[in-house]
Amino acid sequence: MAKTALIIVDMVRDFTDPEGLVFYPENQKILPRIKKILDESRKHELLIVFLQHCNRKDKVDKKAQSMRPNCIEGTFGIEIDPMLEVDEKKDYVIRKRRYSGFFGTDLDLVLRENEVENVVVVGTKTNCCIRATVTDAFYLNYNPYVIRECVATNSETVNEVHLTDIDKYLGKVIDMNTFSKMLEEGQL
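The name recorded for the chain in an unreviewed UniProt entry is Cysteine hydrolase, from Coprococcus comes.

Next up, the structure:
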């Protein structure tokens with residue numbers, strides 16, 4: 001059976017909590033679905049990786065300067081949403097400063113050390129962080145899967161355009177039922 005990792009992208013409080021600096025209501029809709037996928041992934045002993053967007057406080061970051069302030073280190077905004085419990089003994093939490101979870105992080109090293117071949121990607125935002133992470137996974141020869149009901153952005157049209165492109169060029173877009181079936185049949 002191929003080794004698979006669940007990558008949960010940026011489900012941090014600045015994006016998921018109404019008090020967050022760049023809250024997207026769509027993220028509250030996908031949280032319970034991601035929780036279900038997380039629980040199922042744990043039951044099947046998938047590697048769990050939480051990507052945590054984080055901008056340094058009071059340090060130069062040209063990318064962050066051009067955006068609304070968000071995910072500042074030391075604030076509640078970078079905390080993983082409490083609905084998604086992190087198992088400190090097994091799960092990885094990897095901070096990132098750019099859209100892709102691979103750029104400037106040790107995500108690739110963690111996946112290779114754990115002999116991962118398939119990455120299942122869920123979280124926010126489909127047009128930025130999901131797509132960039134999936135693109136880099138594709139470039140690095142992983143088999144990317146995105147669970148349709150478990151990703152969101154602030155426009156359903158934008159969400160669908162990017163999911164269509166991901167499915168056509170970079171990996172597979174599947175639904176939650178297909179994910180469950182693939183796990184049960186040992187395809188992931």
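## Topic: the overall build of the chain
In terms of helices and strands, the chain carries seven helices and six strands. Start at the N end of the chain and walk to the C end: the helices and strands fall as β-α-α-β-α-β-α-β-α-β-α-β-α. Relative to its length of 188 residues, the chain is compact, with a C-alpha radius of gyration of 15 Å against a globular reference of 16 Å. Judged by the C-alpha coordinates and their principal axes, the chain covers about 50 × 35 × 30 Å. The buried share of the chain, taken over its 188 residues, is 49%. By sequence separation, contacts in the chain at least 24 residues apart represent 76% of the contacts at least 6 residues apart.

## Focus on helix α5 (residues 126-139)
Three- or four-residue spacings in an α-helix give side chains the same orientation, since the helix completes a turn every 3.6 residues. What α5 keeps buried is the set Thr 126, Cys 128, Cys 129, Ile 130, Ala 132, Thr 133, Val 134, Thr 135 and Ala 137. Taken together, the buried residues of α5 touch β1 (4-9), β2 (47-53), β3 (92-96), β4 (118-124), β5 (143-152) and α6 (156-170).

## Some points on the side chain of Asp 14
Summarising the element assignment, Asp 14 is placed in helix α1 (residues 13-16). Arg 13 provides the closest opposite charge to the buried, salt-bridge-free Asp 14, at an N-O distance of 8.1 Å.

## As for the pairing of β1
Among the six residues that make up β1, six are buried, leaving the element largely enclosed by the rest of the structure. With six bridges joining them, β1 and β4 adopt parallel strand pairing. Among the inter-strand pairings, Ile 7 is bridged to a residue of β4, identified as Val 121.

## Things to note about the nonpolar core
Core analysis: the largest hydrophobic core is formed by 32 residues, its most contacted members being Leu 6, Ile 8, Ile 34, Leu 84, Ile 147 and Phe 179. Leaving out residues up to four positions away in the same chain, Leu 84 has contacts with Ile 8, Met 11, Leu 31, Ile 34, Lys 35, Leu 38 and Phe 50. Counting residues in hydrophobic clusters, the runner-up holds 26 residues, among them Leu 51, Val 116, Val 134 and Ile 166.

## Quick word on unusual backbone geometry
Each neighbour pair has its own omega, and for Thr 124 with Lys 125 the value is -25°, a cis peptide bond. Here Asp 10, not a glycine, exhibits a phi torsion of approximately 55°, which is positive. Structurally, the position occupied by Asp 10 is in the loop between β1 and α1. The phi torsion at Asn 141 lies on the positive side, around 70°, for a residue other than glycine. You can see Asn 141 is positioned in the loop between α5 and β5. When its relative accessible area of 70% is taken as the criterion, Asn 141 is described as exposed.

## Side note on the pattern of salt bridges
One pass over the structure, following the stated rule, counts nine salt bridges. With a closest N to O distance of 2.2 Å, Asp 91 and Arg 42 form a salt bridge. Placement of the pair is Asp 91 in the loop between α3 (62-65) and β3 and Arg 42 in helix α2 (residues 25-43), with a sequence separation of 49 residues. Owing to a relative accessible area of 11%, Asp 91 belongs among the buried residues under this scheme.

## Let's talk about α6
Helix length check: α6 (15 residues) gives 20 Å between terminal C-alpha atoms against 21 Å at 1.5 Å per residue, within 8%. Residues of α6 that are buried make contact with α5, β5 and β6 (172-174).

## Examining the side chain of Ser 100
Residue placement: Ser 100 occurs in the loop between β3 and α4 (107-113). Looking at Ser 100, the relative accessible area reads 5%, which means it is buried. Within the structure, Ser 100 has its side chain in polar contact with the backbone nitrogen of Phe 102 (distance 3.0 Å). A distance of 2.5 Å separates the side chain of Ser 100 from the side chain of Asp 136, its partner in a polar contact. Excluding residues within four positions of it along the chain, Ser 100 makes contact with Ala 132, Thr 133 and Asp 136.

Basis of the calculations
- Residues numbered from 1 in each chain as written.
- Predicted model: local features only at pLDDT ≥ 70, side-chain atom pairs only at ≥ 80, totals over all residues.
- Heavy atoms only, no water.
- Helix = DSSP H or I, 4+ residues; strand = E, 2+ residues; numbered from the N terminus.
- Rg over C-alpha atoms; globule rule 2.2 N^0.38 Å.
- Buried < 20%, exposed > 50% of the residue type's maximum accessible area, 1.4 Å probe, protein only.
- Contact = heavy atoms within 4.5 Å.
- Lys, Arg positive; Asp, Glu negative; His and termini not counted.
- Salt bridge = Lys/Arg side-chain N within 4 Å of Asp/Glu carboxyl O.
- Pairing = 2+ DSSP bridges.
- Core = buried A, V, L, I, M, F, W, Y, C linked by side-chain atoms within 4.5 Å.
- Expected span 1.5 Å × (residues − 1).
- Polar contact = N/O pair within 3.5 Å; in protein donor to acceptor, adjacent residues only side chain to side chain.

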